[in-house]
Amino acid sequence: MKRRRVIYEGKAKILYEGTEPGTVIQYFKDDATAGNGAKKDTIEGKGVLNNRISEYLMTQLQGIGVPTHFVRRLNMREQLIKEVEIIPLEVVVRNVAAGSMSKRLGIEEGTALPRSIIEYYYKNDGLQDPWVSEEHITAFGWASPQDLDDIVNLTIRVNDFLSGLFLGAGIKLVDFKLEFGRLWENDYMRIVLADEISPDNCRLWDVTTNEKLDKDRFRRDMGGVVEAYSEVAKRLGIMPESVQGENKGPVLVQ
Ligand code: TMP
């Protein structure tokens, strides 16, 4: 088999050259990191679940007209995506106070926010993804005012839609992180949703018990990470046949 060219290897994903021009293959690893790489582990089955959950959410969003980089899922761990020029921003939306917002502003975790809040972080591992404002983004040219306008409009639509979708599954969408890219089609450019949407980059709490069903279980050493991700997949109605998938043992046929 021909070896594929690696374009980029990140903490949780590998990007390979795609099978068609203008495409890329996104491979979901089982690796998990937190604190900008300070804490590392492998969580068997996480990549399979994130591939499936992200496929589902991106497809649902495409269904309401949100442009994304997603083309199709290829197998248990890979999806075909469109090649985009990633905008170096992490766009975080918060509906409920948690994580760094609670720490930074002294707001108790779980406090409902008076309105959804969008924050921007500059994607730069060396600087540990610092918090930045729209002023920094446009002044340094990471995104133009028009790009930012598109990003904010898409982010609000994604938040509204996903909040409702998760609520229907008994899950509170506390906060999440999005990434966007520029998709070039001839001379025409548009901003599309990129990366992934999964329990790795969302805070998802059970709507009645507030049980955490996301990566905070790893960040805070709570255990039960794969079980929580599986629960999210199950509630969304997309549980893959087997979390381990590739090394599933024999099945008794009755
Ligand atoms: P934070 O509370 O740590 O700032 O995180 C807010 C949300 O953004 C949370 O759902 C996790 C997600 N996130 C990422 O996906 N990647 C990151 O590098 C960071 C800092 C947060």
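That block above? That's the structure.
Residues numbered from 1 in each chain as written. Predicted model: local features only at pLDDT ≥ 70, side-chain atom pairs only at ≥ 80, totals over all residues. Heavy atoms only, no water.

A. Quick look at the packing of aromatic side chains. Summed over the entire model, instances satisfying the criterion amount to four aromatic pairs. Taken together, a centroid distance of 6.4 Å and an interplanar angle of 90° make the contact between Y16 and Y27 edge-to-face. Of this pair, Y16 sits in strand β2 (residues 13-17) while Y27 sits in strand β3 (residues 23-28); the two residues are eleven residues apart in sequence, bridging distant segments of the chain. Y16 sits in the buried class, given a relative accessible area of 15%. Under the relative-accessibility criterion, Y27 is labelled partly exposed at 24%. (Phe/Tyr/Trp six-rings, centres within 6.5 Å; stacked < 30°, edge-to-face > 60°. Helix = DSSP H or I, 4+ residues; strand = E, 2+ residues; numbered from the N terminus. Buried < 20%, exposed > 50% of the residue type's maximum accessible area, 1.4 Å probe, protein only.)

B. Geometry of the sheet that holds β3. Pairing within the open sheet is antiparallel, and its five strands lie in the order β1-β2-β3-β7-β6. The open sheet is flanked by β1 (6-9) and β6 (70-73), the only strands paired with a single partner. In this sheet, neighbouring strand axes are inclined to one another by 25° on average, regardless of whether the strands run parallel or antiparallel. Here helix α1 (residues 46-63) sits on the sheet in contact with β3, β6 and β7 (78-82), set at roughly 135° to β6. (Pairing = 2+ DSSP bridges. Axes fitted to C-alpha atoms, helices over the stretch in contact; angles between N-to-C directions. Contact = heavy atoms within 4.5 Å.)

C. Just the site of the ligand, in detail. Around the ligand, the surrounding shell holds 15 residues, and the nearest of these are R94, S100, D175, N201 and R203. Within the side chain of E90, an N or O atom sits 3.1 Å from an oxygen atom of the ligand. At 2.6 Å, a side-chain N or O of S100 approaches an oxygen atom of the ligand. Burial of the ligand by the protein amounts to 78% of the accessible area it has alone, namely 450 Å². Looking at the shell around the ligand, the elements with two or more residues in it are β9 (89-96), α2 (99-105), β12 (171-185) and β14 (202-206). (Near = heavy atom within 4 Å. Polar contact = N/O pair within 3.5 Å; in protein donor to acceptor, adjacent residues only side chain to side chain. Areas by Shrake-Rupley, 256 points an atom, 1.4 Å probe, with all protein chains shown as cover.)

D. The arrangement of the environment of E83 in detail. Tracing the sequence through the fold places E83 in the loop between β7 and β8 (85-86). Overall, E83 belongs to the partly exposed group, its relative accessible area being 47%. Sequence separation of E83 and V132 is 49 residues, and the distance between their C-alpha atoms is 26 Å. The contact partners of E83, leaving out residues within four places of it in the chain, are G22, T23, V24 and L183.

E. Summary view of the side chain of T68. Secondary-structure assignment places T68 in the loop between α1 and β6. Among the residues examined, T68 registers a relative accessible area of 4% and is labelled buried. Polar side-chain contacts of T68 include one of 2.6 Å to the side chain of Q62. A polar side-chain atom of T68 sits 3.0 Å from the main-chain amide nitrogen of F70.

F. Region of the structure containing unusual backbone geometry. Located in the positive-phi region is N36, a residue other than glycine, with phi close to 55°. Looking at where N36 falls in the secondary structure, it is placed in the loop between β4 (31-34) and β5 (39-42). In this structure, D195 takes a positive phi of about 60° despite not being glycine. Inspection of the secondary structure assignment puts D195 in the loop between β13 (188-194) and β14. Exposure remark for D195: the relative accessible area of 12% places this residue in the buried category.

G. Layout of the pattern of salt bridges. Per the counting criterion, the structure on display carries 31 salt bridges. Where E179 meets K177, a salt bridge forms, and the shortest distance between an N and an O atom there is 2.7 Å. When salt bridges that share partners are traced, they join R94, E109, E119, D175, R203, K212, D216, R219 and R220 into one network. (Salt bridge = Lys/Arg side-chain N within 4 Å of Asp/Glu carboxyl O.)

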